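Residue-level listing of the chains:
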Amino acid sequence: MNLVMNANAPAELECVTDGARAAALVQHPLRRWILAGARHPISATELALALGLTRQRVNYHVRQLVRAGYLRPAGRRKKRNLVEQQYVATARGYVLSPK
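Residues numbered from 1 in each chain as written. Predicted model: local features only at pLDDT ≥ 70, side-chain atom pairs only at ≥ 80, totals over all residues. Heavy atoms only, no water.

## Observations concerning the overall build of the protein
Alright, step 1. Looking only at helices and strands, one finds four helices and five strands in the protein.
Alright, step 2. Its helices and strands in sequence order give the protein the pattern β-α-α-β-α-α-β-β-β, from N to C terminus.
Alright, step 3. A separation of at least 24 residues holds for 63% of the contacts in the protein among residues at least 6 apart in sequence.
Alright, step 4. By element, 55% of the accessible surface of the protein is carried by carbon and sulfur atoms, the whole surface being about 6600 Å². (Helix = DSSP H or I, 4+ residues; strand = E, 2+ residues; numbered from the N terminus. Contact = heavy atoms within 4.5 Å. Areas by Shrake-Rupley, 256 points an atom, 1.4 Å probe, with all protein chains shown as cover.)

## Observations regarding the confidence of the model for the protein
Alright, step 1. Summarising the model, the protein shows a mean pLDDT of 85, and 89% of its residues fall at 70 or more.
Alright, step 2. At the level of individual helices and strands, the protein shows its lowest average pLDDT in strand 1 (residues 11-16), which scores 77, and its highest in helix 4 (residues 55-68), which scores 95. (pLDDT = per-residue confidence, 0-100.)

## Points about the sheet that holds strand 2 (residues 42-43)
Alright, step 1. The strand order across the open sheet built from three strands is 2-4-3, with neighbouring strands paired in antiparallel fashion. Each edge of the open sheet is held by one strand with a lone partner, namely strand 2 and strand 3 (71-79).
Alright, step 2. Bridge count between strand 3 and strand 4 (residues 82-89): eight bridges; the pairing is antiparallel. If you follow proline 73 over to strand 4, its bridge partner there is tyrosine 87. (Pairing = 2+ DSSP bridges.)

## Topic: helix 3 (residues 44-51)
Alright, step 1. Every buried residue of helix 3 is listed here: Ala44, Leu47 and Ala48. Buried positions in helix 3, seen along its axis, are confined to an arc of 100 degrees and lie on one side of it. Facing away from the buried side of helix 3, by more than 90 degrees, are the exposed residues Leu49 and Ala50.
Alright, step 2. Considering only its buried residues, helix 3 is in contact with helix 2 (30-37), strand 2, helix 4 and strand 4.
Alright, step 3. Positive phi shows up at glycine 52, right after helix 3, with a value of about 70 degrees. (Buried < 20%, exposed > 50% of the residue type's maximum accessible area, 1.4 Å probe, protein only. Arc of directions from axis to C-beta.)

## Points about the packing of helix 3 against helix 4
Alright, step 1. Packing of helix 3 against helix 4 brings their axes to within 8 Å, and their N-to-C directions diverge by 120 degrees. As summarised for this structure, helix 3 and helix 4 are arranged oblique, according to the angle between their axes. When you trace helix 3 past helix 4, the crossing you get is right-handed. On helix 4, the residues touching Ala44, Thr45, Leu47, Ala48 and Leu51 of helix 3 are Arg55, Val58, Asn59 and Val62.
Alright, step 2. Along the lines of polarity and charge, the residues of the contact of helix 3 with helix 4 split into six nonpolar, two polar and one charged. (Axes fitted to C-alpha atoms, helices over the stretch in contact; angles between N-to-C directions. Parallel < 35°, antiparallel > 145°, perpendicular 65-115°, else oblique. Left-handed = near helix turned anticlockwise from the far one by under 90°. Nonpolar A, V, L, I, M, F, W, Y, C, P; charged D, E, K, R; others polar.)

What follows is the structure, encoded as structure tokens:
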């Protein structure tokens, strides 16, 4: 059986030992919902629609998750006259662990 890994596919689990990085994850409950929705490439606008929230509110938390390394860019696509950035989670689950 040949198993082909998709370059955009998230890892199964990621162990987070850095306190500042862990804080970015648990600072707001919305961030966990964003990571759950970003298991496949998705834009902040699509996440906002799925969560029933404003695009601006979701985009703020997406930027924080990208900065902390929980989301990574997964490509761009043209939508009407705009270029929309898509993101994917770096893992399917996260384990917060002390050093």
